[in-house]
Amino acid sequence: MVGEKMSYEGVSKWYSGRSVFITGGTGYMGKVLIEKLLRDCGDIKFIYVLCRPKRGFSPANRIEQIRKLAVFDRLRIECPEKLKKIKAMEGDLGQPGLGLSDENKSILFNEVSIVFNGAASLRLEAGLKDAIRHNTTGTKHVLDLAVEMKNLASFVHLSTAFCHCEFDKLDETIYPSPANPEDVMRAVEWMDDYTLEIITPRLLGPHPNCYTYSKRLAESLVSQYANRIPISVARPSIVTPSFKEPVPGWVDSLNGPVGVIVAGGKGVIRSVLCSPDYEAEVVPVDIAINALILIAWKRTIINVDVMDDPVPCYNISKGDIVHLNWGEVLAKGKRYAYEYPFDAGLWYPNGSMRTNKLIHYFIVFWLQVVPAYLIDGIMVLARQKTFMVRVQKRIAVGMEVLQYFTMRGWNFKIENTKALINGLNEEDMNKFYISNTEIDIEKYMIQVLLGARQYCMKEPLANLDRARFHLKLLYWLNMVTQLLFGFFLLWVFVRAFDSFKFLLDSSTSSFTNVPIIGSLIPK
């Protein structure tokens, strides 16, 4: 990247003594970011996490629960006292000033020097009003607070690599907005839901959902603050389980590919609409977090006055570092899913990837929807709670949204991201690895499966032998079912043939009674 100053300071040393403010700190990436900051970024003063009450738990209670998660196991062993540096700040992204108390605002304005704005609504099926309120208006509220921070050194805004979907190639730059963010934010507040629903398709244009549209508007909003605060934009692609840290395969979210892996591994998904030849643009969560930490530091050594773009942008994805397409992901995933199966699978996991929509929906109907209603029917007869139809409806919504990203190719330029490690000392390069690490895809796929098994599904590895035995039973059940279904089709064919022969014979007998035609038919 051009425009860098010549003096470098160690990353850990730069973070020491600073206080950090994080929105989205209770989410998947947020937890990994907090853990990494505390463990490897020197003697950080405090990490303030925006948090609202949820399900009867106060923000302080929620942070206390987060401290107990497996993601912090390593930190609890190596330096447990650092966990006390995580501080909850009660607030709401949708409120002006984030709904913070005067005391908390004072802390932000006078203590905080680094901001990671990672809060977002990841519900890709969300409506326009919800998406704009969370992802665009929420970003504006954070930016307005950041302007008043006296010691602000770096503001990192988390966007998404998929927010400019009309471009075949995504460069690391801010693109023009399709609309004025201020106008859209005002419109969703005064328009009723019916009117918004009518105009949404026209507003979205090439965007597949309101999530990517709202994130694109947020980027445009961020660029308007470039001359007021030191800001950078990070665009992660599809975030997958950790490669190495805090533990290999750590994940606690079923969003994206992990949800597909779990549902496919349990035999719930039988068909996926996906092009096997397209590159799988993914990034392990720990590599994405390393990039975010370096982006915040790098912003302080960049001379933006000599740059063409006043807002440094970073596409965080595998790019050209590793070549891996969706077909390889499925093949490797199925192979290792048989070696490391999930507990209590519904059916034998032998789903397939398809590009033909007609065949895909045919398979989904007969092998997913129909069995779901049959299972729920049995549950009703047994006076048990039904669940399969509800699960299939959730899967249908998720897959409908996901298929847009898996049925087209993406070309993300990652030169700025790869350059983040330039000038780092050896210690920092080892701590904050990005492109300077070897990734064994085979080993990583096993880690992903085991991570989803342990951390998402809470299935201990001690149960693997039992799961393998159960998988063998499902295999033979699947084979017997296919055999019986084959015999059924054969029986239907024979019966249909006999019926056709009977009709033909009946028709011939009728024709023989016709004087002229009957004389032409041999007896």
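A quick note: this is a predicted structure, and the numbers were derived from the prediction, not measured.

## Here we look at the sheet that holds strand β3 (residues 86-90)
Now for step 1: On the basis of which strands lie adjacent, the open sheet formed by 7 strands has the order β3-β2-β1-β4-β5-β7-β11 and parallel pairing. Whereas interior strands pair on both sides, the edge strands pair on one side only; in this sheet they are β3 and β11 (313-316). Looking at each pair of strands side by side, their axes are set apart by 20° on average, direction ignored.
Now for step 2: Here strand β7 (residues 231-236) pairs with β11 via 4 bridges, running parallel. In the strand pairing of β11, arginine 235 is matched with asparagine 315.
Now for step 3: Of the strands in this sheet, β1 (19-23), β4 (112-117), β5 (154-158) and β7 touch helix α6 (residues 128-147), which is tilted by about 175° from β5.

## What about a nonpolar patch on the surface?
Now for step 1: Together, Val480, Leu483, Leu484, Phe487, Leu490, Phe493, Val494 and Phe497 make up a nonpolar patch on the protein surface, roughly 820 Å² of accessible area in all.
Now for step 2: The topology assignment puts leucine 483 in helix α18 (residues 464-512).
Now for step 3: On the basis of relative accessible area, leucine 483 is assigned to the exposed category, the value being 52%.

## Comments concerning the nonpolar core
Now for step 1: Among the nonpolar cores identified, the biggest contains 72 residues, and Tyr15, Leu37, Ile47, Phe116, Leu292, Ile293 and Leu294 are the most heavily contacted of them.
Now for step 2: Ranked by the residues each element gives to this core, the list is headed by helix α11 (residues 285-298), at 11 residues.
Now for step 3: Residues within four places of leucine 37 in sequence aside, it is in contact with Tyr15, Val20, Ile22, Ile44, Ile47, Phe116 and Ile293.
Now for step 4: Counting residues in each nonpolar core, the second largest holds 43 residues, with Phe21, Leu93, Leu217 and Leu221 among its members.

## Quick word on the environment of phenylalanine 116
Now for step 1: Within the secondary structure, phenylalanine 116 sits in strand β4.
Now for step 2: Accessibility expressed as a relative area gives 1% for phenylalanine 116, which makes it buried.
Now for step 3: Put simply, phenylalanine 116 and valine 142 are 26 residues apart on the chain and 9.8 Å apart in space, counted from C-alpha to C-alpha.
Now for step 4: Beyond its immediate sequence surroundings of up to four residues, phenylalanine 116 is in contact with Tyr15, Val20, Phe21, Ile22, Thr23, Leu33, Leu37, Val156, Leu292, Ile293 and Ala296.

## Comments concerning the domain arrangement of the chain
Now for step 1: The domains assigned to the chain are domain 1 (11-253 + 279-315) and domain 2 (468-510).
Now for step 2: Computed from C-alpha atoms alone, the centre-to-centre distance between domain 1 and domain 2 is 57 Å.

## Side note on the packing of aromatic side chains
Now for step 1: All chains considered together, the criterion is met by 19 aromatic pairs.
Now for step 2: Pairwise contacts between aromatic rings join Phe162, Tyr404, Phe405, Trp410 and Phe412 into one cluster.
Now for step 3: One cation-aromatic arrangement involves lysine 244 over tyrosine 433; the distance from NZ or CZ to the ring centre is 4.2 Å.
Now for step 4: A cation over a ring is seen here: arginine 408 above tryptophan 410, with NZ or CZ 4.0 Å from the ring centre.

## So, the confidence of the model for the chain
Now for step 1: With 91% of its residues at a pLDDT of at least 70, the chain reaches an overall mean of 86.
Now for step 2: This model gives residues 1-7 a pLDDT under 50, and the stretch forms 21 contacts once residues within four places in sequence are excluded.

## Examining the layout of surface pockets
Now for step 1: Approximately 780 Å³ is the volume found for the second largest pocket.
Now for step 2: Trp347, Trp366, Leu367, Pro371 and Thr481 are, among the 25 residues lining the second largest pocket, the residues nearest its centre.
Now for step 3: Where the lining of the second largest pocket is concerned, the elements lending two or more residues are β12 (352-354), α13 (357-381), α14 (388-406) and α18.
Now for step 4: Among the elements that line the lining of the second largest pocket, the one with the most residues is α13, at 10 residues.
Now for step 5: Looking at the lining of the second largest pocket, its residues break down into 14 nonpolar, 9 polar and 2 charged.

## Points about empty space enclosed by the protein
By rolling a water-sized probe across the atoms, one finds the places where empty space is left.
Now for step 1: One pass over the structure, following the stated rule, counts 4 cavities of 30 Å³ or more.
Now for step 2: Of the voids in this model, the largest cavity is the one considered here, and its volume is about 870 Å³.
Now for step 3: Taken together, 50 residues make up the lining of the largest cavity; nearest its centre are Pro257, Ile261, Trp326, Val329 and Met445.
Now for step 4: Mapped onto the lining of the largest cavity, the elements with two or more residues apiece are α10 (257-265), β9 (271-273), β10 (282-284), α12 (326-339), β12, α14, α15 (415-418) and α17 (441-456).
Now for step 5: Here the residues of the lining of the largest cavity are counted per class, giving 33 nonpolar, 13 polar and 4 charged.

Basis of the calculations
- Residues numbered from 1 in each chain as written.
- Predicted model: local features only at pLDDT ≥ 70, side-chain atom pairs only at ≥ 80, totals over all residues.
- Heavy atoms only, no water.
- Pairing = 2+ DSSP bridges.
- Helix = DSSP H or I, 4+ residues; strand = E, 2+ residues; numbered from the N terminus.
- Axes fitted to C-alpha atoms, helices over the stretch in contact; angles between N-to-C directions.
- Contact = heavy atoms within 4.5 Å.
- Patch = residues over 30% accessible without salt bridge, like charges linked within 9 Å, V, L, I, M, F, W, Y side chains within 5 Å.
- Areas by Shrake-Rupley, 256 points an atom, 1.4 Å probe, with all protein chains shown as cover.
- Salt bridge = Lys/Arg side-chain N within 4 Å of Asp/Glu carboxyl O.
- Buried < 20%, exposed > 50% of the residue type's maximum accessible area, 1.4 Å probe, protein only.
- Core = buried A, V, L, I, M, F, W, Y, C linked by side-chain atoms within 4.5 Å.
- Domains from an automatic or database assignment.
- Phe/Tyr/Trp six-rings, centres within 6.5 Å; stacked < 30°, edge-to-face > 60°.
- Lys NZ or Arg CZ within 6 Å of the ring centre and 35° of its normal.
- pLDDT = per-residue confidence, 0-100.
- 1 Å grid on protein atoms, 1.4 Å probe; cavity = no way out; pocket = protein on both sides within 12 Å on 5 of 7 lines; lining within 4 Å.
- Points joined across faces, edges and corners; volume = space filled by probe spheres on them.
- Nonpolar A, V, L, I, M, F, W, Y, C, P; charged D, E, K, R; others polar.

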